Structures are given as structure tokens and as C-alpha cells.
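A structural walkthrough
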Amino acid sequence: MKTLDEVRDFFANDKYATQVTGIEIVKADPGHSEVRLKIDDRHINAVGGLMGAVFFTMADFAFAVAVNSDIDSEYVTVTLQSSISFMRTVKTGTLTAKANVVREGKSTCVYEICIYSDDIELCRVITTGSKIRKK
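None of the values given here were measured: they were computed from a predicted structure.

Cut-off values and rules
Residues numbered from 1 in each chain as written. Predicted model: local features only at pLDDT ≥ 70, side-chain atom pairs only at ≥ 80, totals over all residues. Heavy atoms only, no water. Helix = DSSP H or I, 4+ residues; strand = E, 2+ residues; numbered from the N terminus. Contact = heavy atoms within 4.5 Å. Expected span 1.5 Å × (residues − 1). Buried < 20%, exposed > 50% of the residue type's maximum accessible area, 1.4 Å probe, protein only. Salt bridge = Lys/Arg side-chain N within 4 Å of Asp/Glu carboxyl O.

Considering the arrangement of structural elements, one finds alanine 28 in strand β1 (residues 24-29). Along the chain, alanine 28 and valine 67 lie 39 residues apart, while their C-alpha atoms are 9.2 Å from each other. Apart from the residues lying within four places of it in its own chain, the contact partners of alanine 28 are Leu4, Val7 and Val65.

Shown next, in the form of C-alpha cells:
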């Protein structure tokens with residue numbers, strides 16, 4: 001299993017999530033991850049709420065980290081389909097996305113990703129992924 005720093009170094013190449021959006025990896029284990037984001041002005045939409053794409057980017061990144069934390073594998077898992085349900089929004093604070101495996105098959109998997117502000121659930125995402133051979 002890779003160390004947290006090794007996983008962070010690998011995923012630093014995901015520049016949209018890490019540099020543009022500002023998401024940081026807090027935990028990374030096979031089948032589970034936790035990522036965090038401090039909300040700032042660049043994350044707010046035209047009506048003053050958190051842009052929906054911020055939730056989706058966090059969920060997609062948390063999924064990627066949880067399912068691909070074994071960075072030496074000859075395979076990588078990519079998203080096939082995601083379903084997002086918004087329950088609440090926020091304008092300030094820190095968000096935490098937690099990804100957990102629901103089912104791991106030979107070539108496909110299902111993960112649930114929940115996004116929180118403090119202990120209040122804001123959003124839930126169900127993602128189906130598929131293993132592909134690295135190029």
C-alpha cells in the first residue's frame with residue numbers, strides 16, 4: 001500500500017482538482033478516501049451559492065483517489081456513470097468528501113461519495129467505474 005504522500009504526489013497531476021479547485025487529499029486507502037476543500041470566492045456561482053460543479057469535482061476526485069490508490073497497478077479505474085443528489089448548499093466553510101466502496105467486481109465497481117460541511121450532509125453521489133489498462 002502506498003503512503004499518503006506518495007498518493008498525493010501521484011494525484012498532483014490531476015491539476016484541475018488540486019490546483020484549479022484546491023482540493024487536498026486527507027486519507028487514501030483502497031476502497032476509501034477523504035478529500036477536503038476550503039470554500040473561497042472562486043467556488044461561488046452567480047446567485048451566491050456553491051457552484052454545483054464544485055460538488056461534482058470533489059466527488060469525482062474522491063472516487064478516483066479511493067479506487068486508484070494502488071498507483072503501481074497496471075490498471076486504472078475511470079468513471080462510467082455518476083448520479084448526484086443535492087440536499088443543501090453552503091457559501092463558506094470547509095467541505096469534506098468521503099468515498100466508500102459499495103461493490104468491487106472484476107471489471108466494474110460502485111462507490112458512494114458523501115460531501116459534508118461540518119457533520120451536515122450536503123450532497124450524495126453514486127459512481128460506477130470501470131477498470132482499464134494503463135497506457
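The discussion continues.
What follows concerns helix α3 (residues 52-67). With 16 residues, α3 should reach 22 Å at 1.5 Å per residue; the first-to-last C-alpha distance of 23 Å fits that figure. For α3, the tally of buried residues reaches 12 of 16 residues, placing the bulk of the element in the interior.

Take the pattern of salt bridges next. Evaluation of the coordinates by the stated rule reveals 6 salt bridges. Note that aspartate 40 and arginine 42 form a salt bridge whose closest N and O atoms lie 3.0 Å from each other. By relative accessible area, which is 30% here, aspartate 40 ends up partly exposed. With a relative accessible area of 48%, arginine 42 lands in the partly exposed category. Here arginine 124 and glutamate 121 are joined by a salt bridge, their closest N and O atoms 2.8 Å apart. Residue glutamate 121 is classed as buried on the basis of its relative accessible area, which comes to 19%. One salt-bridge network, in which partners are shared between bridges, spans Glu112, Glu121 and Arg124.

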